[in-house]
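# Fold and contact review
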Amino acid sequence: MGGSPGGPIDRDQHEFEDWERLADAINAALGGKGLQTTDQHRRAIEGLEEYRDLSYYERWAAATEKLLIEKGILTSDEIDERAAEIESRWGGL
Amino acid sequence: MTFEPGDSVRVLPSEKPGHVRTPGYLKGKAGWIESLIGEFPNPEELAYGHSGLPERPLYKVGFRQADLWDDYEGPAEDYLYADVYEHWLEPGEGESA
Amino acid sequence: MSGHHQHEEAGRATSPYAARIRAIEALLLDKGVLTEPEVQDSITYMETRSPANGAKLVARAWMDEGFEGLLLSDAKAAALQLGIDPEHPAEFIVVKNTPGVHNLIVCTLCSCYPRAILGRPPDWYKSFEYRSRAVREPRAVMREFGFEPPEGVEVIVHDSTADVRYMVLPMRPPGTGDMGEDELAHLVTRDSLVGVNVPRS
């Protein structure tokens with residue numbers, strides 16, 4: 001990425017959403033317990049096919065998910081199921 | 001420790017797959033050792049859950065911007081520093097500073 | 001079972017990852033992989049980090065040469081002295097601006113930033129545009145932020161490619177000789193700690 005051509009820098013700052021703070025916190029908490037490392041998380045982010053289409057914290061959340069599944073701590077089915085439950089509680093988008 | 005501050009070095013042009021912490025724009029470029037930052041486990045292996053041991057020397061490496069970019073807009077004295085692991089460096093041409 | 005965190009309003013258009021990360025939190029709590037206090041502590045940790053910490057370090061360095069020396073040789077020790085506990089294994093190095101040198105910090109690989117001191121980086125720091133251009137055309141980037149280094153000043157870019165986090169020690173603005181430490185700290189903007197600009201004067 002360094003040195004690639006790029007346009008003007010957008011200096012707008014978005015308000016951090018609660019889920020983004022949570023993504024940050026889960027990442028830090030897992031790291032604190034030795035369940036994932038910064039390097040593993042970076043590697044997982046870099047490997048995301050959707051890298052360029054995701055926002056910063058979307059990449060973080062996606063990478064954390066990938067690592068948890070990789071390590072057998074969670075399965076993608078149970079995450080899907082629970083996420084669907086949560087979304088329906090929120091009344092859908 | 002292979003290198004001393006002032007040594008000329010070149011970043012390996014390796015296209016090693018997987019997680020690396022050496023940016024593409026530095027590969028094959030000539031610079032100098034500014035300082036030794038310390039020794040750390042290899043992040044390329046930590047990334048896959050390995051121990052990353054033995055620890056590797058990490059250097060602060062300086063580059064002239066004019067050497068990195070053909071179209072660099074700025075004086076010859078402008079520099080860039082990156083933190084590069086020893087295994088990505090080989091001795092460069094020219095005398096040590 | 002996601003206790004006391006505030007929830008997004010139902011129906012608000014937001015990322016699909018919002019529900020997924022909440023699901024992950026809920027599952028990790030259910031399985032006892034993490035506890036509520038652990039998650040809350042991590043949230044609190046980041047909320048207490050902000051550019052004000054960096055401003056304090058700079059203001060103290062401007063007033064006290066000995067502290068400046070410590071900040072430049074052992075930044076974590078300097079931070080601890082001011083009651084700022086980095087609590088993070090990454091190295092923390094402060095680079096000094098001088099009349100001849102202006103420093104700019106970037107992380108082209110992933111947007112590393114001294115979060116343990118300054119809190120979360122701004123969106124622009126994490127943007128592809130900043131990460132691509134800061135190394136190649138730092139002067140053009142700084143111009144966008146409204147800053148042009150004076151004639152004869154070298155621009156030095158630090159790409160934090162490994163586990164060192166960098167912060168700039170900007171120069172003390174002229175005419176501030178009578179100011180106290182708190183007033184000085186007020187001049188130090190987050191942008192001046194990254195190097196895209198200089199402090200207020």
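All figures in this text were calculated on a predicted structure; none of them were measured in a lab. (Residues numbered from 1 in each chain as written. Chains lettered and ligands numbered in written order. Predicted model: local features only at pLDDT ≥ 70, side-chain atom pairs only at ≥ 80, totals over all residues.)

### Details of the confidence of the model for chain C
Residues and elements named next belong to chain C. Condition: The score called pLDDT rates the predictor's confidence residue by residue, from a low of 0 to a high of 100. For the purpose of contact definition, each residue receives a C-beta atom placed from its backbone, and two residues are in contact when these atoms lie within 7 Å.
On average, residues of chain C carry a pLDDT of 92, and 93% of them reach 70 or more. Counted against residues more than four places away or in other chains, residues 1-12, with its pLDDT under 50, gives 21 contacts. Confidence estimates for the predicted assembly give a pTM of 0.92 and an ipTM of 0.94.

### What about the interface of chain A and chain C?
Using the following cut-off: Think of it this way: any DSSP run of H or I at least four residues long counts as a helix, any run of E at least two long counts as a strand, and we number them from the N terminus. Residue type decides the class: Asp, Glu, Lys and Arg count as charged, Ala, Val, Leu, Ile, Met, Phe, Trp, Tyr, Cys and Pro as nonpolar, and the leftover types, Gly among them, as polar.
Contacts between the two partners involve 45 residues from chain A and, on the opposite side, 45 residues from chain C. Taken together, the elements giving at least two residues each to the side of chain A that touches chain C come down to α1 (18-32), α2 (38-46), α3 (56-70) and α4 (76-89) of chain A. No other element matches the 10 residues that α1 of chain A contributes to the side of chain A that touches chain C. Classifying every residue of the side of chain A that touches chain C by side-chain character gives 23 nonpolar, 9 polar and 13 charged.

### Quick word on the sheet that holds strand β3 (residues 56-64) of chain B
The test is simple: We treat two strands as partners when DSSP finds at least two bridges between them. The convention used is that axes are lines fitted to C-alpha atoms, helices contributing only their stretch in contact, and that angles between N-to-C directions extend from 0 to 180 degrees.
Taken in spatial order, the 7 strands of this open sheet run β5(B)-β1(B)-β2(B)-β3(B)-β4(B)-β3(C)-β2(C), and their pairing is mixed. Of all the strands in the sheet, the pair left with one neighbour each is β5 (89-91) of chain B together with β2 (101-106) of chain C. Sheet twist, expressed as the mean angle between neighbouring strand axes with direction ignored, is 35 degrees. Taken strand by strand, helix α8 (residues 128-136) of chain C contacts β4 (79-85) of chain B together with β2 and β3 (154-159) of chain C, and its axis lies near 150 degrees from that of β2 of chain C.

### Topic: the environment of F92 of chain C
Residue and element names in this part refer to chain C. Filter applied, for reference: Three classes are used. A residue is buried when 20 or more other C-beta atoms lie within 10 Å of its own, exposed when 12 or fewer do, and partly exposed in between, with C-beta atoms placed from the backbone.
Within the secondary structure, F92 is located in strand β1 (residues 91-96). When the 20 C-beta atoms within 10 Å are taken as the criterion, F92 is described as buried. Taking the C-alpha atoms as reference, F92 lies 16 Å from R190; in sequence the two are 98 residues apart. Setting aside its immediate chain neighbours within four residues, F92 contacts A75, K76, P86, P114, I117 and R165.

### Thoughts on the pairing of strand β1 (residues 8-11) of chain B
Residue and element names in this part refer to chain B. Alternating residues of β1 divide into V9 and V11, all buried, and S8 and R10, none buried. For β1 and strand β2 (residues 30-40), the ladder comprises 3 bridges, and the chain directions are antiparallel. The residue of β2 that forms the bridge with V9 is G31. Taken together, the 3 bridges between β1 and β5 define a ladder with antiparallel strand orientation. By the bridge assignment for β5, V9 is matched with P91.

### What to know about the packing of α1 of chain A against α3 of chain A
Residue and element names in this part refer to chain A. Quick note on the threshold: Orientation is classified from the angle alone, with under 35 degrees giving roughly parallel, over 145 giving roughly antiparallel, 65 to 115 giving roughly perpendicular, and any other angle giving oblique. Handedness of each helix crossing follows the sense of rotation of the near helix against the far helix: counterclockwise by less than a right angle gives left-handed, clockwise gives right-handed.
Contact geometry for α1 and α3: axes closest at 9 Å, N-to-C directions at 40 degrees. Between α1 and α3, the interaxial angle falls into the category oblique. Crossing of α1 against α3: the hand is left-handed. Within the contact between the two elements, α1 uses E20, A23, D24, I26, N27 and L30 and α3 uses Y57, W60, A61 and T64. Class assignment of the residues belonging to the contact of α1 with α3 gives a composition of 6 nonpolar, 2 polar and 2 charged.

### Observations regarding the interface of chain B and chain C
At the interface, 19 residues of chain B touch 19 residues of chain C. Sorting the residues of the side of chain B that touches chain C by element identifies β2 and β4 of chain B as the ones contributing at least two each. For the side of chain B that touches chain C, the leading source of residues is β4 of chain B, giving 6 residues. Each residue belonging to the side of chain B that touches chain C can be placed in one class, and the counts come to 12 nonpolar, 2 polar and 5 charged.

### Points about the domain arrangement of chain C
Applicable threshold: Domain delimitation in this document rests on an assignment produced automatically or drawn from a domain database.
When its domains are assigned, chain C resolves into domain 1 (16-47) and domain 2 (51-194). Domain 1 of chain C and domain 2 of chain C are separated by 31 Å when their C-alpha centres are compared.

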